[in-house]
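# Close look at the chain arrangement
Letter by letter, the chains look like this.
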Amino acid sequence: MILEGLVTTLDATGAPHLAPMGPRVGPDFARFTLRPFPTSNTYQNLLRHREGVLHVTDDSLLLARAAIGAVGAIPPTRPADRVRGFVLTDSCRHFEFVVKSVDASSERVTLEAEVVHAGRTRDFFGFNRAKHAVVEAAILATRLHFLPLTEVAAEFAKLRVIVGKTGGPDEHAAMDLLEAKLREVEAGR
């Protein structure tokens, strides 16, 4: 199963870096597989420093911001318990991990990670249809460099209807950001 979440890693200066990531997880969550693009900062950070933290969150606006590189200041964090890294203080759950193996032989790198500590901060509020729609749009936004933009625009239009019917202010703001990113990429092509 793929679980959409956020990963924090340490950049070259030791500061936190935040990125959306959809690892393949098993039912016990003792290990998981990350598949970043080889050009991503997350991959470079994990090559340099083989530790990080995977966060489960219900903050779809933060997921959308992270997907398009518009996080701005990193949300509040605290030091991780067992790895050199940071935990988002408003995440629902977090999984501190160590990268055990790296396979860079394909277009997407495969990183096998072992969870060394898990924690819970708060209950998961849940996803309504609008939050799900934002997550789907955010995933599409991470692929604007290779997906046909007309197809992405058509999907965004469908997802916008769902956000319009069931979303709150954060979901509307997230779709606004994602649609603006799509327009920016379209204008640049």
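Structure shown above.
Cut-offs and rules
- Residues numbered from 1 in each chain as written.
- Predicted model: local features only at pLDDT ≥ 70, side-chain atom pairs only at ≥ 80, totals over all residues.
- Heavy atoms only, no water.
- Phe/Tyr/Trp six-rings, centres within 6.5 Å; stacked < 30°, edge-to-face > 60°.
- Helix = DSSP H or I, 4+ residues; strand = E, 2+ residues; numbered from the N terminus.
- Buried < 20%, exposed > 50% of the residue type's maximum accessible area, 1.4 Å probe, protein only.
- Lys NZ or Arg CZ within 6 Å of the ring centre and 35° of its normal.
- Expected span 1.5 Å × (residues − 1).
- Arc of directions from axis to C-beta.
- Contact = heavy atoms within 4.5 Å.
- Salt bridge = Lys/Arg side-chain N within 4 Å of Asp/Glu carboxyl O.
- Pairing = 2+ DSSP bridges.
- Polar contact = N/O pair within 3.5 Å; in protein donor to acceptor, adjacent residues only side chain to side chain.

### Here's the deal with the packing of aromatic side chains
Under the criterion given, the structure shown has four aromatic pairs. Ring geometry for F29 and F95: centres 3.9 Å apart, planes at 5°, overall stacked. Here the residue F29 occupies a position in the loop between β3 (24-25) and β4 (31-34), and F95 occupies one in strand β8 (residues 93-103), the gap between them amounting to 66 residues. Across this residue pair, the class does not change: F29 and F95 are buried. Aromatic rings pair up to connect F29, F32, F95 and F97 into one cluster. Taking NZ or CZ as reference, R108 lies 4.4 Å from the ring centre of F37, over its face.

### Side note on helix α4 (residues 149-166)
Helix length check: α4, at 18 residues, gives a terminal C-alpha distance of 25 Å against a target of 26 Å (1.5 Å per residue), a fit within 8%. All of the buried residues in α4 are L149, V152, F156, L159 and V163. All buried residues of α4 lie within an arc of 85° about the axis, which places them on one face of the element. Residues of α4 that are exposed and angled more than 90 degrees away from the buried face: T150, E151, K158 and K165. In this fold, the buried residues of α4 make contact with α3 (129-141) and α5 (169-188).

### Considering the pattern of salt bridges
Applying the stated criterion to the full structure yields eleven salt bridges. One salt bridge connects R78 with D81, and the closest N-O pair in it is separated by 3.7 Å. D81 sits in the partly exposed class, given a relative accessible area of 46%. Each of the salt bridges in this network shares a partner with another, and the network as a whole consists of D58, D90 and R122.

### A closer look at the pairing of β4
Bridging between β3 and β4 involves two bridges; their strand directions are antiparallel. Considered in β4, the bridge of R24 is made with T33. Here β3 folds back onto β4, and the loop between the two strands holds five residues, one of which, F29, carries a positive phi near 60°. Of the pairings in the sheet, the one linking β4 to strand β9 (residues 110-120) comprises four bridges and is antiparallel in character.

### Thoughts on the environment of M175
Residue placement: M175 occurs in helix α5. Take M175: its relative accessible area is 0%, and that puts it in the buried class. When residues no more than four places from it in sequence are discounted, the contact partners of M175 are V134, A137, F156, L159, R160 and V163.

### Some remarks on helix α2 (residues 60-67)
Side chains three or four residues apart in an α-helix point the same way, a direct result of the helix having 3.6 residues per turn. In terms of residue burial, α2 counts as a mostly covered element, since seven of its eight residues are buried. Along α2, the residues that are buried comprise S60, L61, L62, L63, A64, A66 and A67. Residues of α2 that are buried sit in contact with β1 (5-10), β2 (16-21), β7 (86-88), α3 and α5. The residue sitting at the N-terminus of α2 and contributing the capping side-chain oxygen is D59; that oxygen lies 3.3 Å from the backbone nitrogen of L61. Once α2 ends, the next one or two residues include G69, with phi positive near 70°.

### Here we look at the pairing of β2
Regular strands show a simple pattern: their side chains alternate between the two faces of the sheet. The sheet contact formed by β1 and β2 spans six bridges and is antiparallel. Bridging across to β2, L10 finds its partner in P16. Remark: five residues form the turn of the hairpin made by β1 and β2, two consecutive strands paired antiparallel; G14 in that turn has positive phi of roughly 90°.

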